Structure formats: C-alpha cells, structure tokens
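Letter by letter, the chains look like this.
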Amino acid sequence: MRRRKTHVSLFELSFHHKYGCKLFIDNQLPSTLLRTLGRPPDRHNAIYEALVRRIVQGEFPPNSRLPTRRDLSLEFDASSRTVVSVLKELAKVGFTESRGSLGTFIRKSPPHLHRHALIIDWAGDPNIYVTALEKEAERLQREGLDLDVFHIGQDHKRTDIISKIGNLVRRHLYAGLIFHREPADLVGTALIDTPNVPRVVLSKLMYNQDAKLPSKKPTKDLFMERAIERIHQWGRSRVGLFLHAFESKAVEVSMELLRANKLETRSAWIHTIHLNLPREAHAVMELLFSLPRENRPDVFIVENDNLTEMVTLGVRDFCPSRENLPIISHCNYPWQPKVYAPVSWLGYDIREILRQAISMIEDERREGEARHTKIQNLPRFEEELLQW
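Given the structure is predicted, the values throughout are model-derived calculations rather than measurements. Sequence order sets the numbering: in each chain, residues are counted from 1 along the sequence as written. Side-chain atom pairs in this predicted model are given and counted only at pLDDT of 80 or more, local residue features only at pLDDT of at least 70, and totals for whole chains, interfaces and linings cover all residues. The side-chain quantities take in all heavy atoms of the structure and omit both hydrogens and water.

### Examining the packing of helix H6 (residues 128–142) against helix H13 (residues 350–367)
Two packed helices can be described by the angle between their axes and the distance between those axes. Two numbers describe how H6 lies on H13: the axes approach to 10 Å, and their chain directions differ by 60°. Taken as a pair, H6 and H13 cross one another with a handedness that is right-handed. Mapping the contact onto sequence places Tyr-129, Ala-132, Leu-133, Glu-136, Ala-137, Arg-139 and Leu-140 in H6 and Ile-350, Arg-351, Leu-354, Arg-355 and Ile-358 in H13. Of the residues that constitute the contact of H6 with H13, the class distribution is eight nonpolar, no polar and four charged. For helices, the fitted line uses only the C-alpha atoms of the stretch in contact; every axis is such a line through C-alpha atoms, and the angle between N-to-C directions lies from 0 to 180 degrees. Only DSSP runs of H or I with at least four residues qualify as helices, and only runs of E with at least two residues qualify as strands; both kinds are numbered from the N terminus onward. What makes a crossing left-handed is the near helix being turned counterclockwise from the far one by less than a right angle; a clockwise turn instead makes it right-handed. Residues count as neighbours in contact if any of their non-hydrogen atoms are within 4.5 Å of one another. Only Asp, Glu, Lys and Arg are considered charged in this grouping, and only Ala, Val, Leu, Ile, Met, Phe, Trp, Tyr, Cys and Pro are considered nonpolar; every other residue, Gly among them, is considered polar.

Quick look at the structure:
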C-alpha cells in the first residue's frame, strides 16, 4: 500500500519566469499557486523565513552563493533533510537556483526585486479599461517581464482570495503591487498593511476623487478641459455628454466647466448610462436627433469608452448625412473600441501607465524606500501619443 504524503510545503508554487500568460481570476486560481496544503513544521518555516529575510535585506544579493547545506545545518541546528526541504522551497518560489557542484545561488532576478503583481479589483461587466490592462500585461509577460495578474472579484470567495494573495506578499514574493484603482476597501489587509512593499495606484486624471493611499490628488477635470479646448478650436458651442452611471460627481464638474467656458449644455443633453446597458446610448441618440437641429448638441463628449460604440452607432443610424457631428471620446490606447462614425480620441496610454508603474517600483526598491504612489497619467489626443 502506498504511503500517504504527510508534509507538503506551504508554497507548492511553480512560477514561469519568462513566458506565458499568468492571469489569475477569482474562480480559476491554480491550486499549485495559492492553495495551502498543510502547515510545514515550525523548524522548516523558521529557517525558510530567516533565509528569506536575509535575502531581502541584502545579506545575500543576486548571484551570491548561499552557505552550504552542512553550514546551514550547523547554523540552524537542523537536520540535513530539513535544510534540503527549505532549499527546495526557496527554489520553487524563485529565490534560488542550484548550480551543481558550485552550490546554491540567489537567482539573478529574485521575486522580491523583479516580480510584480497587478491587482485588478473589478466585478462588473466587461470593461475596456480592465481588458486593456489584462492584454497589455500579457504583452509584457511575452516580453519576459515577471508579472502576475490577479482578478480578485467581488463574490463570496473574495475574502479568502485576498488573504491568500496577502500571504504571498508577506512572504516577500513581490517587488511591488500595482492596483488598477484606488484600493480603499483593501485597507486593513496584507495587500495594504504589509510594510516595505512599494504600491502604485493606476490613476487617470479625470475626476477629483478622495484617495485612501497617500498621493497627489487631482484638482481639475483635465480630460474635460482638453476636450473643451478642442471644441473651441472646432467652433462648436452646444455640448452633449455621455457618462458612466456611477460617475454622478462628474456630471456636476462637467457642467460647471462647460458653462465656465461659455459652452451651452442642457440636462436633456447629459446622460449617465450603466455599462451593462450600453444600447441605451443608441436609444438616446435617436431621441436627440428627433429634435430640431437648433435644439440638439452640435458636438458630443463620451467620457467612458464603453459607451462609444453605441453613441457612434446612433450617429450612423440617425444623424442626417449632410451634418458633420464631431465626437470626442475617452479611450485606453491602444485598445480603442469599435466605432461607426469618426471619433477624436482623447485618452490614456495603457502601455505607458504600466511601464511607469513598474519603473517606479524598481526605483523604490533600488532606493530602499517603499512608498504608496499614484501614477497620474495625463489625457492626450491620439496625434500626441509617443511612438511605440
């Protein structure tokens, strides 16, 4: 009869350090990544944590050699078998590698310096911003970046998943964390409270929102300001506006900005629409184009690109062909949505945002000072983008 395995290390992990998509969704988390299969013996755990602490503090820098198994056994007063199991665990999670007779060495790119985690906290319907982040993360992974993407969701598994990811953070398996939005509801978890971990929030300067992590808060609606500049250049004056239904604060800000810049808008021209009901934008366009020309907008701003497809479909279906109706739409470059009419894109380069986040984490690691930072990427028109 085969003997049952009595001990499995806490980290039955096998990270792919070079290639392959690593998108971990709440109900699809690989068991080999996060599942706790049994608490390792206290001696094993104590030695593992002591060695990781010394690696993280720089006593054993990248490419340096660890003491021999014999020396570790003597230092920790542990059996050779226990030391071997610790070394295997260090190798599994990416800290060390064996170089044959030369011994065990710290990897050139250990996780506490080179592995990043992108935390996507979203449980709504498909969202272009979230999709763009995931696709750009996949591209960076293919280029060799050590980046894990966690989609933690909002269902009954959420607390357990956050706890398990937090355990990885506490074990120094990430150089830093990148949050796709303000992690206000994660305060009090290891994702926020674990010390000495750089954290970056991806923030697009659109609305003045309170931030729970220390950061420079935006004071102006820069997206609207840039759109208004372009509207004046076009010589337009009557503005229709489409926003996400949860952006009610933006309605007031936008109306104030439009009126302060001597542009006309009316409550009937401003529409907030749920992202799971984008076809409502198409119906709104039909109603607007049933009005006399002088009583409807002569330019539209779409502040959420999840609505752009239906707005442009409405222009195609209901706008008289002789009218030239400009549209300025938010977007997440290079992942613009499908459109049915000409659009002037004003948005944020996801490629630049992610690269900035990773660069900031690496800078903080080199400086030895972990901070909580918000990336504040400015809105740009498509012709202003950097060439990639």
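Next comes the rest of the write-up.
### Quick look at unusual backbone geometry
Residue Pro-334 is reached from Tyr-333 by a cis peptide bond, and omega for that bond is 0°. Examined against the element boundaries, Pro-334 turns out to sit in the loop between strand S11 (327–333) and strand S12 (344–349). Positive phi values are uncommon outside glycine, yet Asp-77 reaches one of about 50°. Here Asp-77 shows up in the loop between helix H3 (69–76) and helix H4 (80–92). The rule is simple: take the accessible area with a 1.4 Å probe, protein chains only, and divide by the maximum for that residue type; under 20% is buried, over 50% is exposed, in between is partly exposed. Among the residues examined, Asp-77 registers a relative accessible area of 69% and is labelled exposed. The residue Asn-196 is not glycine, and still its phi comes out positive at about 65°. Mapping Asn-196 onto the fold places it in the loop between helix H8 (190–193) and strand S7 (199–204). Accessibility expressed as a relative area gives 61% for Asn-196, which makes it exposed.

### Brief notes about the packing of aromatic side chains
Here the aromatic set is Phe, Tyr and Trp, taking the six-membered ring for Trp, and pairing holds for ring centres within 6.5 Å; pairs whose planes are under 30 degrees apart are stacked, those over 60 apart are edge-to-face, and all others are tilted. Overall, the coordinates contain two aromatic pairs when judged by the stated rule. Centroid distance Phe-150 to Tyr-174: 6.2 Å. Interplanar angle 90°. Geometry classified as edge-to-face. Taken as a pair, Phe-150 in strand S5 (residues 147–151) and Tyr-174 in the loop between helix H7 (158–170) and strand S6 (176–179) lie far apart in primary sequence, 24 residues in all. Like Phe-150, the residue Tyr-174 is buried in the burial classification. Plain terms: the ring middles of Phe-242 and Phe-300 are 5.9 Å apart, the flat faces sit at 40° to each other, and that makes the pair tilted. You can see Phe-242 sitting in strand S8 (residues 239–244) and its partner Phe-300 sitting in strand S10 (residues 299–302), a full 58 residues away along the chain.

### Comments concerning the environment of Leu-313
Of note, Leu-313 is situated in helix H12 (residues 308–318). What makes Leu-313 buried here is its relative accessible area of 8%. Linking Leu-313 and Ala-283, residues 30 residues apart in sequence, is a C-alpha distance of 10.0 Å.

### A word on the pattern of salt bridges
Salt bridge criterion: a side-chain nitrogen from Lys or Arg within 4 Å of a carboxyl oxygen from Asp or Glu. Enumeration according to the criterion identifies 23 salt bridges in this entry. Asp-146 is paired through a salt bridge with Arg-115; the nearest N and O atoms lie 3.4 Å apart. Of the two residues, Asp-146 is situated in the loop between H6 and S5 and Arg-115 in the loop between helix H5 (111–114) and strand S4 (116–120); the sequence distance between them amounts to 31 residues. Of the two residues, Asp-146 and Arg-115, neither departs from the other in class, the shared state being buried.

### Things to note about the side chain of Asn-332
On the secondary structure map, Asn-332 appears in strand S11. Classification of Asn-332 by relative accessible area gives buried; the value is 0%.

### Let's talk about helix H11 (residues 279–288)
Each α-helix winds once per 3.6 residues, and so residues spaced three or four apart point in a common direction. All of the buried residues along H11 are Ala-281, His-282, Val-284, Met-285 and Leu-288. Take H11 and look down its axis: the buried residues cluster within an arc of 160°, on one side only. Facing away from the buried side of H11 by over 90 degrees, the exposed positions are Arg-279 and Leu-287. Residues of H11 that are buried in the fold lie against S8, strand S9 (270–273), S10 and H12. Comment: arc refers to directions from the helix axis out to C-beta atoms.

### A few points about the sheet that holds S8
The strands that make up a sheet are held in pairs by hydrogen bonds between backbone atoms, and each pair lies either parallel or antiparallel. The criterion for strand pairing is that DSSP finds at least two bridges linking the strands in question. Read from one edge to the other, the open sheet built from six strands follows the order S9-S8-S10-S11-S12-S14, with strand pairing classed as mixed. On the outer flanks of this sheet lie S9 and strand S14 (380–381), each paired with one strand and no other. Examined bridge by bridge, S12 and S14 share two bridges and lie antiparallel to one another. Bridging from a neighbouring strand, Leu-346 pairs with Phe-381 of S14. Contacts from helix H9 (residues 222–234) reach S8, S10, S11, S12 and S14, with the element oriented near 165° to S10. Together, S11, S12 and S14 form the strand contacts of H13, whose direction differs from that of S12 by roughly 15°.

### A look at the nonpolar core
Residues belong to a common nonpolar core when they are buried Ala, Val, Leu, Ile, Met, Phe, Trp, Tyr or Cys residues joined through side-chain atoms within 4.5 Å. Membership of the largest hydrophobic core comes to 42 residues, with the highest contact counts inside it found for Leu-118, Leu-133, Ile-178, Leu-202, Ile-301 and Leu-354. Counting 36 residues, the second largest nonpolar core, distinct from the first, contains Phe-95, Ile-161, Leu-177 and Ile-192.

### Points about the pairing of S10
Burial of S10 is two-sided: the residues Val-299 and Ile-301 facing one way and the residues Phe-300 and Val-302 facing the other way are all buried. Note: S8 against S10, four bridges, orientation parallel. Looking at S10, one finds that Leu-241 is bridged to Ile-301. Pairing between S10 and S11: three bridges, direction parallel. What sits directly across from Val-302, in S11, is Ser-329.

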